[in-house]
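Architecture and fold: a report
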Amino acid sequence: MDQDLRFIHLLYVPTMACNMACKYCYLEDETKDIKCNYKALDTLKYAIDKFKSSNVIPFNISLHGGEVTVLSKEEFHDIIEFISNYYNSNKELFIRNGFKVLKPHIKTNILELDKHIDTIREFEVTVSGSLDLPLRLHNIYRVTKGGAKTLDRILDNIKLIDNTHIKVSSTIFKEHFKYIDEIVDDIKYLDENTKLDMNDFNFMIGFDYNSNGILHALDEDEMVEFFDYMHKKFDGTNLDKGVNGAWFNEFGPDYCTNCDNCGDKFFLLEKNGDIYSCVRGQKNKDYYYGNIYKDEVSDILRNAHNKIMINHNKIPMSDECLNCKYLYVCKTGCPFVKNTYMTNKSYTCKLQQKLYESRHIEEDPEPEIFRYHYLNVMHPDLLDKYGIKNKELIDLINKDANLKYIYDDNTFKVICDGEEYPLESQILKNKRDILYLTEESEFVVKVRKSLLDELSEYPENNSLTIILLSGDSIVYGDEGRLKQRHIMTHQIYKGSLSTLDDEYYSVDLMPLIKLYKKEYSKEFPNNILFTTNDLRNYHYFKQKNNAYYHINAINLPFQNIEFYLLEDVENDQ
Amino acid sequence: MINKAAKTYNEIIIKKKCYDLLKYIYLTDDELNKIYDFLLKDKNNNKIIVTQNSLFYNDGKNNILSLPIVPKNGSFDKLEVSCLIFTIVPHYEPHSGGGFSSGGGSSNNNNNNNNNNN
């Protein structure tokens with residue numbers, strides 16, 4: 001793999017014009033070409049050159065519309081020829097980096113495919129077309145601008161192409177779903193009476209967006225019902241391969257949503273140079289990445305990554321996804337649909353789970369590790385909340401009730417300038433909180449009263465233990481380890497602790513902090529830890545008796561917070 | 001450098017936090033000054049979130065602006081800076097074979113040769 005190269009999918013829209021007027025078209029009245037200073041081929045060439053100069057390599061270029069077949073024969077031929085030559089000239093690069101060398105590909109309504117059949121045959125163009133199922137609805141919804149039916153002409157055009165080079169897909173809404181038996185019959189009809197390989201067919205599940213109010217999305221139970229019904233009708237038939245494969249592949253792990261951030265890989269280019277995420281985000285400012293003529297590729301890439309991330313973060317990630325063992329394959333779904341529906345999970349969640357089970361896609365045995373990775377990349381705001389805990393140490397704590405209070409995250413809190421911070425064991429948490437104190441700061445520790453009684457034979461002789469360590473390190477001890485320099489250990493016996501309320505004692509820490517102000521590191525955060533004398537003794541007793549505990553708790557396990565003590569502006573600069 | 005003199009303790013604190021960001025990522029003076037101004041603008045809500053790739057201006061609810069950054073090291077997965085606190089999420093490296101390499105601790109600080117039993 002060439003590490004410095006980024007390989008992308010490029011969907012190119014050489015024209016926005018369309019020869020049909022599908023009643024539910026998401027592009028609505030955008031299906032016309034607006035006057036543009038650039039020729040379609042010139043924009044594609046320019047974009048590919050400019051991408052390549054920034055080490056961005058389209059390995060897959062598909063033509064999309066509008067409707068690409070409305071291009072003149074010459075223009076269509078020249079674009080297809082260019083793509084074919086581009087694939088051939090980059091053949092070794094693609095193979096070396098693990099990509100198939102493709103043939104030019106178009107997405108089309110198939111209505112005027114015959115116009116370009118010579119070019120399609122010359123360059124072995126692969127064709128992806130759309131039909132409405134049941135076919136009866138195709139003639140109702142997918143009509144020409146003059147309102148004429150289109151199905152017969154489309155089926156005639158399908159006859160012109162080798163069946164390995166054409167596939168069709170159908171989008172299912174409630175209006176289709178209610179004729180599910182007709183869908184089954186028409187799939188059989190297409191299989192038996194056309195050149196289409198219906199094992200290489202696929203369903204899409206429609207969502208409520210720009211369908212002029214004509215179509216209505218399936219609910220999640222209906223999606224699963226649809227999936228089950230197709231399996232009931234086609235499992236074990238000559239279309240078994242399709243129903244267990246391509247038909248529902250859009251909901252499997254190989255689709256565009258199976259990347260952490262689709263903005264890193266998928267781009268849609270228009271003839272005027274505008275770049276969007278994909279057909280869903282086309283003409284939407286939230287998915288507009290820039291213009292290839294006007295913007296630097298680095299800016300376009302950065303916008304793409306950041307816009308997709310921002311779109312995924314418009315609604316907080318759902319608890320369901322955070323705890324889902326399929327997060328590693330689903331990645332929470334398409335951000336465009338999530339924001340359209342104002343939901344925070346994939347609109348086909350149930351269908352996906354059903355599909356994963358039926359295809360034996362395993363649940364993630366350690367979902368917290370992928371979750372951490374995903375949050376790191378897509379939701380860093382949640383990262384500290386879902387850190388990876390040391391399981392071995394947690395197991396040891398769970399096996400020894402006496403260890404519980406040493407690690408309890410509900411016994412110490414500090415208040416700093418009006419803000420309260422619950423303290424956690426520094427070796428169990430996965431984050432470091434650093435306070436910036438000044439001599440004017442309020443800095444108080446609250447200690448749960450009951451803690452002084454835990455593991456204490458004589459609580460009156462037990463004490464709150466406060467340990468101060470410098471951020472600077474020194475080598476000491478028999479191990480010769482580099483450790484934080486010890487500044488002081490302070491003990492306050494139970495009888496001397498001030499009662500804050502029924503639940504807590506409190507200690508003003510600032511006098512102590514100021515007492516040692518010359519000892520603090522200015523470069524690295526200093527460390528203050530809290531425990532009781534008896535808990536501390538038990539920690540060392542356990543270390544002595546259990547090597548596994550010692551290994552896992554080799555650093556001080558107590559609840560802590562880090563801090564700087566700032567003196568004045570000049571010194572801190 | 002931040003080109004404004006800190007006049008209050010709060011400004012001193014924010015300034016120090018901004019300079020501490022420079023221990024982890026490369027920032028221009030202009031970026032540093034913008035971050036300083038942003039944090040001071042809404043002390044209760046505004047925060048800066050930094051990952052290994054990006055820096056986000058967050059208004060307490062949403063990331064309202066982002067810019068790509070170059071980290072100085074791989075020691076962190078996330079930094080979060082607000083008027084209140086500076087939080088570091090140390091880099092976590094999944095590994096097999098037991099043991100745990102990354103706690104939230106600042107650095108080695110076991111002190112087991114000090115048994116002070118009065």
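Residues numbered from 1 in each chain as written. Chains lettered and ligands numbered in written order. Predicted model: local features only at pLDDT ≥ 70, side-chain atom pairs only at ≥ 80, totals over all residues. Heavy atoms only, no water.

All names here are of chain A. One finds Leu 44, Ile 187, Phe 203, Met 230, Trp 247 and Phe 248 to be the most contacted residues of the largest nonpolar core, which totals 125 residues. Counting residues per element, this core draws most heavily on helix 2 (residues 73-89), which supplies seven residues. Residues contacting Phe 248, with those up to four places away along its chain left out, are Phe 203, Phe 226, Phe 227, Met 230, Val 243, Leu 355 and Arg 359. (Core = buried A, V, L, I, M, F, W, Y, C linked by side-chain atoms within 4.5 Å. Buried < 20%, exposed > 50% of the residue type's maximum accessible area, 1.4 Å probe, protein only. Helix = DSSP H or I, 4+ residues; strand = E, 2+ residues; numbered from the N terminus. Contact = heavy atoms within 4.5 Å.)

To continue, consider empty space enclosed by the protein. Residue and element names in this part refer to chain A. Per the counting criterion, the structure on display carries six cavities of 30 Å³ or more. As a volume, the largest cavity reaches approximately 170 Å³. If you list the elements that add at least two residues to the lining of the largest cavity, you get helix 13 (327-330) and helix 15 (349-358). For the lining of the largest cavity, a count of residues per class yields seven nonpolar, six polar and two charged. (1 Å grid on protein atoms, 1.4 Å probe; cavity = no way out; pocket = protein on both sides within 12 Å on 5 of 7 lines; lining within 4 Å. Points joined across faces, edges and corners; volume = space filled by probe spheres on them. Nonpolar A, V, L, I, M, F, W, Y, C, P; charged D, E, K, R; others polar.)

Tracing the backbone through its elements, the reader meets Thr438(A) in strand 13 (residues 432-438). The exposure class of Thr438(A) is buried, given its relative accessible area of 3%. Excluding residues that lie within four positions of it along the chain, Thr438(A) makes contacts with Met510(A), Leu565(A), Leu566(A), Tyr9(B) and Ile13(B).

Backbone-to-backbone hydrogen bonds join strands into a sheet, with any given pair of strands oriented parallel or antiparallel. All names here are of chain A. Taken in spatial order, the five strands make up an open sheet running 11-10-14-18-17, and their pairing is antiparallel. Every interior strand has two partners, whereas the edge strands, strand 11 (419-422) and strand 17 (498-499), have only one. Two strands pair when backbone bridges link them, and strand 17 and strand 18 (residues 504-508) are joined in this way by two bridges, in the antiparallel orientation. Bridge pairing links Thr 499 to Tyr 505 in strand 18. (Pairing = 2+ DSSP bridges.)

On to the packing of aromatic side chains, then. Taken as a whole and assessed by the stated rule, the structure comprises 37 aromatic pairs over all chains. The interplanar angle of 25 degrees and the centroid separation of 4.1 Å between the aromatic rings of Phe59(A) and Phe99(A) together place this pair among those described as stacked. In this pair, Phe59(A) sits in strand 2 (residues 56-63) while Phe99(A) sits in the loop between helix 3 (91-96) and strand 3 (105-108), placing the two residues 40 residues apart along the sequence. Geometrically, the ring pair formed by Tyr372(A) and Tyr92(B) is edge-to-face, given 5.5 Å between the ring centres and 75 degrees between the ring planes. Of this pair, Tyr372(A) sits in helix 16 (residues 367-378) while Tyr92(B) sits in the segment after strand 5 (86-90), each in a different chain. Three or more aromatic residues joined by ring pairs make a cluster, and in this case those are Phe177(A), Phe201(A), Phe203(A), Phe226(A), Phe227(A), Phe234(A), Trp247(A), Phe248(A) and Phe251(A). Positioned above the aromatic ring of Tyr179(A), the side-chain terminus of Arg136(A) is 4.5 Å from the ring centre. Here the guanidinium or amino end of Lys446(A) rests over the ring plane of Tyr504(A), the centre of that ring lying 4.7 Å away. (Phe/Tyr/Trp six-rings, centres within 6.5 Å; stacked < 30°, edge-to-face > 60°. Lys NZ or Arg CZ within 6 Å of the ring centre and 35° of its normal.)

Under the definition given, this model contains 35 salt bridges over all chains. Lys78(B) is paired through a salt bridge with Asp384(A); the nearest N and O atoms lie 2.8 Å apart. Of this pair, Lys78(B) sits in strand 4 (residues 76-82) while Asp384(A) sits in the loop between helix 16 and helix 17 (391-399), each in a different chain. For the pair shown, Lys78(B) and Asp384(A) are each scored as buried. One network of salt bridges, with partners in common, ties together Asp384(A), Lys47(B), Lys78(B) and Glu80(B). (Salt bridge = Lys/Arg side-chain N within 4 Å of Asp/Glu carboxyl O.)

All names here are of chain A. With an omega dihedral of 15 degrees, the bond running from Gly 65 to Gly 66 counts as a cis peptide bond. Topologically, Gly 66 is positioned in the loop between strand 2 and helix 2. Cis rather than trans, the peptide bond between Leu 133 and Pro 134 has omega equal to -5 degrees. Position of Pro 134 relative to the elements: it lies in the loop between strand 4 (126-130) and helix 5 (135-141). Its identity is not glycine, yet Met 342 carries a phi of approximately 55 degrees, on the positive side. If you trace the backbone, Met 342 turns up in the loop between helix 14 (335-341) and helix 15.

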